[in-house]
Each structure stands twice: as C-alpha cells, then as structure tokens.
Amino acid sequence: MTYDTDVLVLGAGPGGYVAAIRAAQHGLKTTIIEKDKVGGVCLNIGCIPSKAIIHQAELFHGIKDLENLGVSIDKSGFSYKKVYEKSREAADQLSKGVQFLLKKNKVAVVSDTGRLTGEHEITLSDGKKLIGKYIVLATGSRPRAIPGFDIDEKNILSSTGILMLQTLPKSLLILGSGAIGIEFAHIMNAFGVEVTLVEMLDQILPIEDEETVAILAKSFQNRGIQMITATKAISQKQTQQGVEVLLEDAKGKRTTVTVEKMLVSVGRAPNTENIGLEKVGIKPDKGGYIPVGDYNQTSVAGIFAIGDITRTPLLAHVASKEGEIVADFIAGKGNETSVDIMLVPGATYCEPQLASFGLTEKKLKENARPFKKSVFPYRGAGKAVAIGQPEGLVKVLSDEVTGEILGAHIVGANATELIHELLLARKAELLPEDIADMIHAHPTLSEAVMEAMRGIDGSPIHV
C-alpha cells in the first residue's frame, strides 16, 4: 500500500496537535485534519478563554482591596463585553501560535471534517481520501446534555455559551459543581452576579478531598454563593423572568428557583459518533468511549485514540501526554505505555484555588490502607499572611510503612502551581523527608509544602 503520510491525525485539540508535532519531530511525515480552529475546545472555547476571564474577574474583585486602602474607583464605565474581548484575544493569539508550531514542524493541516473509511484511510467531506500508515483519533468531547434541559445558548447555556456572553445576567443557576461549574461560580460572583450552585452529590467538587473542599465551600458561602448539595434538578420552564427550575433534595422536598440564566455543567460527552468507527470494527463502550490498550492502541492495529474519547480523565494535559506517548511509540522510541493516573494533577481555578493528585483520605479509608496524614494551614506560612491570603491548607497522605506519597491536596493561593513540587516528589519516588529537609526560600507559599512534609513525622515548626 502506498501511504500519503506516515501519521494521520483526526482532530487538532491539545491531544491531536501535540501528537502531530511530536510525530513530525521524530521525522515522520504527518497530516492533521481539523474542521474548526486548531487548538480544539481547550484553547478556543475552554481552558484558555476561561482562564483569561478568571484573571479579569479577580482584578475586578480586587477593587475591594484597593478601596480598603482608601482608593476611590469609579466602576460606572465597566463593560463585560471588554472582558469577553480580552478572552477572545487570548484564544486567538494562542490558536495562531499553534498554527505556527504546526507549520514550523512541517505538519500538513487539512481544514475539513473526516471519517474513517478504512484501517488506513480517512475520507474528507468532498470525498477525497487520505491514506496514513498510522491513524490517531483525537476528536475530543462536547458539553453533556441532560433530558429536559435542552441547551439553547440563550437562557440555558453550556460552557461554550457562557464563555460567549457579552453581557452579565443578574442571576445564574449552575447545574453541576465539577471544576467547570465551580470556576464559573467564581467568575460570575466576582462580577456581582447572584449565583446558585446545585449539585446532586453530597459535596461540591465531588471527586476532591473533603477537607480541602470544605475550605473552598466556606469561602464561597462567605462570598454569597448559594450552594445546594444532595439535590437534583427535576425540570425547567422558561418564563419572562428567565428560567424557573424545579429542584428536589434527597428527602424528596421540592423547591423552585427562578434565575435569569442557567448553566448546565454536568460533564462532557465523547465525540465518537459519525467518525466511521463502525467501518473498521471499533466498538465504543456504553458511554461512547473508545477502549484502548497499551500505547492507546484501539482494537485495530495502527489506529490509536487519545484524549476525551477514551476513559482517562478528560483533561487537556492528559490528552497531550497521550499524544506524546502515541507518537513516541509509532517512532519506535516509546518507553511509556500509558498515562499514570496517580501522576495526573487536577486543578480548579477559583478563589481559593484547589489542586490535587493521587488518592484522597476517603479513598484510602475505603481501601483500608494504612497511611499517615499531615495538614499544614496556610496561615502558618508568613507569605500567605503577608499577601492577605491565609485561607487554605496543604495536605499530604503517605504510606504508613514505606513513606510513599499516596496523594496531595492543596487549597489556597497559587495551589495550581504549588501542587507540582509534590507531584515531582511522587514521580521521582522521593520521601516526605526529602522535601522537608530541602531549604525553601522565605517567605514563600512553598514553605507550606515543606511544613506539610515535616508534619508526616510530626515535626512541623510553624504550627
């Protein structure tokens, strides 16, 4: 068989474009197919624009701190449209950056839709066929819909729709309190929107550590964010006032909440329909995800699946890592077979920030695994007090016998950056004392990490 290209990638999100660039760096002729802008959801309508808006929200929220210093600020000229425009500038700039990187690495970019029509073949919308020795599927995901809450992007929004708002609603109900729901609760509250957060499970951020989440929940409560947990949305009705949502708690009690707009943030669904999987005999599971083995290979030799269309965590950095693993394997240089879930950091960009990796205390107890626990409060770190952000903690869990770091959880200022020192320690198989004995600059927030490690053996200094 004659191939047009060595590696044919379908989808140019953070998984697809990274796979394509890494493959090209290995000297493989590579082609990537993308129906929209390169960078995918994350770069264009997800991670990047949302973080740009979060930055603007925190600047706006920080006006209170300036006013406490006696500064008078006239907010009458504030326009949320300018916040929106800033977020689009960031997304557009980085999308162009990815275009440049693809060009620099001599990756051929095809702007079109594509479907598998053979084990080495993808057919474009105009019927043109591209033949690749290897195929990487990286088609990503979309906001998950739930029956009775049809997203119209007017009153009932997805994460995409809320990013595209150019005016603020007076009130917003957020259905679902995963990272996306939490971040938009933070954003909207910072800009003065009345926010109601509804979660079906017993706590917000259900997969995170209870102790760290409790601090975030208290902060949200103090800011006036209404959090309703152990409650599900039954139905909605659109009225002249906005959206009327019927809620039911665990005891069956029903209440109605009326808001101007509603954000449905209950997870994401894989984009595995209409890409021709049936043509080559790849069968998604009941959730629509593609089963993969080592090196993210599907059931068909030479076809790989990465990112949100597989059962690994739906995170941009996971997709990128999987793209690297696949490209390295194809080039005969792979030494990692899959992403180590214990080494995947999670990050929620709110105030205070929350970040984690590994096992939670609850999970360790459920598994009856003996462990040591150390918690160091931010208020014990001089830098946290100096910058007026003493709210938070660093929590480390280690094996009782071996000292192996089993999990780490941080809530507080810069948590999403601090988590990586602990993650590096885990990856390098360091023990708590290795970090505890390392000199940390003073004053820094990272001293809280050092003190938490000291706490494993009961020897913290500043608490």
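Here, the structure is the one placed above.
The paragraphs below set out a description of the structure included in this document. This one's a predicted model, so the numbers in the text were calculated from it and none came from an experiment.

### Quick notes on the side chain of His61
Right, so step 1: Positionally, His61 belongs in helix α3 (residues 47-61).
Right, so step 2: Relative accessible area serves as the criterion here: at 18%, His61 is assigned to the buried category.
Right, so step 3: When neighbours within four sequence positions are excluded, His61 is seen to be in contact with Ala190, Arg223 and Glu351.

### Describing unusual backbone geometry
Across the chain, the bulk of peptide bonds are trans and the bulk of non-glycine residues have phi less than zero.
Right, so step 1: Note the cis peptide between Glu351 and Pro352, where omega equals 0 degrees.
Right, so step 2: Here Pro352 is to be found in the loop between β18 (346-348) and β19 (353-358).
Right, so step 3: That bond from His442 to Pro443 is cis: its omega, -5 degrees, falls within 30 degrees of zero.
Right, so step 4: Position of Pro443 relative to the elements: it lies in the loop between α14 (432-436) and α15 (447-455).
Right, so step 5: Although it is not a glycine, Asn274 sits at a positive phi angle of roughly 60 degrees.
Right, so step 6: In this structure, Asn274 sits in the loop between β16 (268-270) and α9 (277-280).
Right, so step 7: In this model, Tyr295 sits at a positive phi of 60 degrees, which is unusual for a non-glycine residue.
Right, so step 8: Its place among the elements puts Tyr295 in the loop between α9 and β17 (303-305).
Right, so step 9: Judged by relative accessible area, which is 18%, Tyr295 ranks as buried.

Reading guide: rules and limits
- Residues numbered from 1 in each chain as written.
- Predicted model: local features only at pLDDT ≥ 70, side-chain atom pairs only at ≥ 80, totals over all residues.
- Heavy atoms only, no water.
- Helix = DSSP H or I, 4+ residues; strand = E, 2+ residues; numbered from the N terminus.
- Buried < 20%, exposed > 50% of the residue type's maximum accessible area, 1.4 Å probe, protein only.
- Contact = heavy atoms within 4.5 Å.

Limitation: the analysis is restricted to geometry and does not speak to function.
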